[in-house]
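# Structural characterization, general
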Amino acid sequence: MSEIIVTGSVTGTDDTIDALLDAALTHVRRSRTEPGCLSHHVFRDAEDANRLFFYERWADRTALDAHFAVPASLEFVGRLRELATGEPSMHIATTT
């Protein structure tokens, strides 16, 4: 059975990382309750304390697209852009 894997990262500054982490934890915890979310995590980079890494597993593309359409998800991306030093990155892959 295939699933969708999403990875991403965002880098902040010493002044913004706490707010980034708070926003990320709120987003991750909410996302885990969505239909089709198999797992959703955020990690702090061991080599760069101002970088967060995201790892998500979704049952299918329909569930992921529904997640992207949730107003809180859109607000989260906007908040990341406000606090980040550059554009957040994201990669989507389908397992076989």
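Located above this text is the structure these notes cover.
Report follows, based on the coordinates. (Residues numbered from 1 in each chain as written. Predicted model: local features only at pLDDT ≥ 70, side-chain atom pairs only at ≥ 80, totals over all residues. Heavy atoms only, no water.)

### Description of the nonpolar core
Nonpolar side chains tend toward joint burial in soluble globular proteins. Note the following rule: To form a nonpolar core, buried Ala, Val, Leu, Ile, Met, Phe, Trp, Tyr and Cys residues must be joined to one another through side-chain atoms within 4.5 Å. Only protein chains enter the calculation, and the probe is 1.4 Å; a residue is then buried if its accessible area is under 20% of its type maximum, exposed if over 50%, and partly exposed in between. Secondary structure elements are defined from DSSP: runs of H or I of at least 4 residues count as helices, runs of E of at least 2 residues count as strands, and each element is numbered from the N terminus. Between two residues, a contact is recorded if the distance between any of their heavy atoms is within 4.5 Å.
Val 10, Leu 20, Ala 24, Val 42, Leu 52, Phe 54 and Phe 76 are the most contacted members of the largest nonpolar core, which has 13 residues in total. Contributing elements (two or more residues each) for this core: α1 (17-31), β3 (51-58) and α3 (71-83). Per-element accounting of this core gives the leading share, 5 residues, to α1. With residues near it in sequence (within four places) discarded, Phe 54 still touches Val 6, Thr 7, Gly 8, Ser 9, Val 10, Ala 24, Val 28, His 41, Val 42 and Phe 76.

### Quick word on the sheet that holds β3
Cut-off, in case you're wondering: A pair of strands is treated as paired once DSSP finds two or more bridges between them. The axes are straight lines fitted to the C-alpha atoms, using for helices just the contacting stretch, and the angles between their N-to-C directions are given from 0 to 180°.
Taken in spatial order, the 4 strands make up an open sheet running β2-β3-β1-β4, and their pairing is antiparallel. Bordering the open sheet on either side are β2 (37-44) and β4 (89-94), each of which pairs with just one other strand. Mean inter-strand twist for the sheet, computed between neighbouring axes without regard to direction, equals 10 degrees. Where strand β1 (residues 4-11) and β3 come together, 8 bridges link them in antiparallel fashion. Each bridged residue has a counterpart across the sheet, and for Gly 8 the counterpart in β3 is Phe 54. Its contacts with the sheet place helix α2 (residues 61-69) against β1, β2, β3 and β4, and it is angled at close to 135 degrees to β3.

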